[in-house]
Amino acid sequence: MKISIIIYSKTGRTQQAAEIIGRGIQKVDGCEYQIMNIDEQADNPIDKEYIKKSDAIIFGTPTYYANICWQIKKFIDEGGIDMAGKLGAVFATANVMGGGSETAMLTLINQILVKGMLVYSAGSSQGQPYTHIGVTSLKEIPLEQQEPKIEIFGTRIAQKAKELFDR
C-alpha cells in the first residue's frame, strides 16, 4: 500500500515532520511511503506516478498568516493528478501555538474535499493523543517532545488506508 506525503518545506521543519509521519506509516505492515517536496530546489521532487498509485495522500504545509502556503495551493489546483477516492490527511508546521495552524489545516481540507478525497484524521476516535483535524508541529516546542504525536498520526492514517483499500 503506497502513501504519498506531499509537502512544501523551505526551512526543513515541514520535511522533518513528514519524516516522523513516515516512521509511523512504516509501523503498519504492507505500507510504504514517499515524501515529495513541491519546492523545485528540493532533493525529493514530485513523483506523479507514485502519487497515482497511492491510496492515501498526506499534505503538509507551513503556516503563513493562518493559511496554507501558495505552493501547496498551486499544486492542488494545477498538479494534474486525479485525487478522487484517495484517503486524504493534512498536517501543518507553525512557529507558535495559536499561530493559525488549525485554520491552515481546515483550508487544506477544503481543498482536498473539492478534489474528491476522503478526509481522515482519526480525531478523538483513537484516543490520546488526539489529532482532531491533523497534527501540528510547533517551532517553539522541541521536536523530540512532539515526535510521538506526529508519528502516531502517520500510523493511524496508514491503518485507515489499509482498512479501506487493502486488496
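None of these values were measured; they are calculated from a predicted model.

Student: Explain the environment of Ala 18 to me, please; I cannot follow it from the model alone.
Tutor: Position of Ala 18 relative to the elements: it lies in helix H1 (residues 13-26). The exposure class of Ala 18 is buried, given its relative accessible area of 0%. Counting along the chain gives 40 residues from Ala 18 to Ile 58, while the straight-line C-alpha distance between them is 8.9 Å. Setting aside residues up to four positions removed in sequence, Ala 18 forms contacts with Ile 5, Ile 7, Ile 35 and Phe 91.

Student: Would you explain the nonpolar core in this entry?
Tutor: A general feature of soluble globular proteins is that nonpolar side chains tend to end up buried together. Counting 27 residues, the largest nonpolar core has Ile 5, Ile 21, Ile 25, Ile 58, Phe 91 and Phe 153 as its most contacted members. Within the residue set of this core, elements represented by two or more residues are strand E1 (2-7), H1, strand E3 (56-62), strand E4 (87-94) and helix H5 (143-165). Per element, the largest residue contribution to this core is 7 residues, and it comes from H5. Sequence-distant contacts of Phe 153, that is, excluding residues within four places in its chain, are made with Ile 21, Ile 58, Ala 89, Val 90, Phe 91, Ser 121, Thr 131, Gly 134 and Val 135. In terms of nonpolar packing, the next biggest core, distinct from the first, is built from 23 residues, Tyr 8, Ile 51, Ile 76 and Ile 81 among them.

Student: So what exactly am I meant to see when it comes to the pairing of E3 here?
Tutor: Taken residue by residue, a regular strand's side chains alternate between the two faces of the sheet. Taking burial as the measure, the 7 residues of E3 include 7 buried ones, the bulk of the element. Burial along E3 is two-sided: the face carrying Ala 56, Ile 58, Gly 60 and Pro 62 and the face carrying Ile 57, Phe 59 and Thr 61 are both buried. Note: E1 against E3, 5 bridges, orientation parallel. By the bridge assignment for E3, Ile 3 is matched with Ala 56. Bridge count between E3 and E4: 7 bridges; the pairing is parallel.

Student: Which parts of the structure should I look at to understand the confidence of the model for the protein chain?
Tutor: Averaged over every residue, the pLDDT of the protein chain is 92; the share at 70 or more is 99%. Per-element confidence in the protein chain is highest for E1, whose mean pLDDT is 98, and lowest for strand E6 (residues 135-138), whose mean pLDDT is 85.

Student: Can you walk me through helix H4 (residues 101-114) in this structure?
Tutor: Because each turn of an α-helix spans 3.6 residues, side chains separated by three or four positions end up pointing in the same direction. A rise of 1.5 Å per residue sets the reference length of H4, with its 14 residues, at 20 Å; its end C-alpha atoms lie 20 Å apart and thus fit the reference within 8%. Listing the buried residues of H4 in full gives Ser 101, Ala 104, Met 105, Leu 108, Ile 109, Gln 111 and Ile 112. Taken down its axis, H4 places every buried residue within 160 degrees of arc, on the same side. On the buried face of H4, the contacting elements are E3, helix H3 (70-78), E4, strand E5 (118-119) and E6. After H4 finishes, the residue Gly 116 shows a positive phi value of roughly 90 degrees.

Quick notes on the rules
Here the residue numbering is sequential within each chain, running from 1 through the sequence in written order. With pLDDT at 70 or above as the cut-off, local features in this predicted model cover only qualifying residues; side-chain atom pairs require 80 or more to be listed or tallied, and sums for whole chains, interfaces and linings still use all residues. Based on all heavy atoms of the structure, the side-chain values leave hydrogens and waters out of the count. A helix here means a DSSP run of H or I that spans at least four residues, while a strand means a run of E at least two residues long, and both kinds are numbered starting from the N terminus. The rule is simple: take the accessible area with a 1.4 Å probe, protein chains only, and divide by the maximum for that residue type; under 20% is buried, over 50% is exposed, in between is partly exposed. We call two residues contacting when some pair of their heavy atoms lies within 4.5 Å. Only buried Ala, Val, Leu, Ile, Met, Phe, Trp, Tyr and Cys residues count toward a nonpolar core, and they belong to the same one when joined by side-chain atoms within 4.5 Å. If DSSP finds at least two bridges between two strands, the strands pair. Every residue gets a pLDDT, meaning the predictor's confidence in that residue, from 0 to 100. Here the expected span of a helix is defined as 1.5 Å times the quantity of residues minus one. Directions from the helix axis toward the C-beta atoms define the arc.

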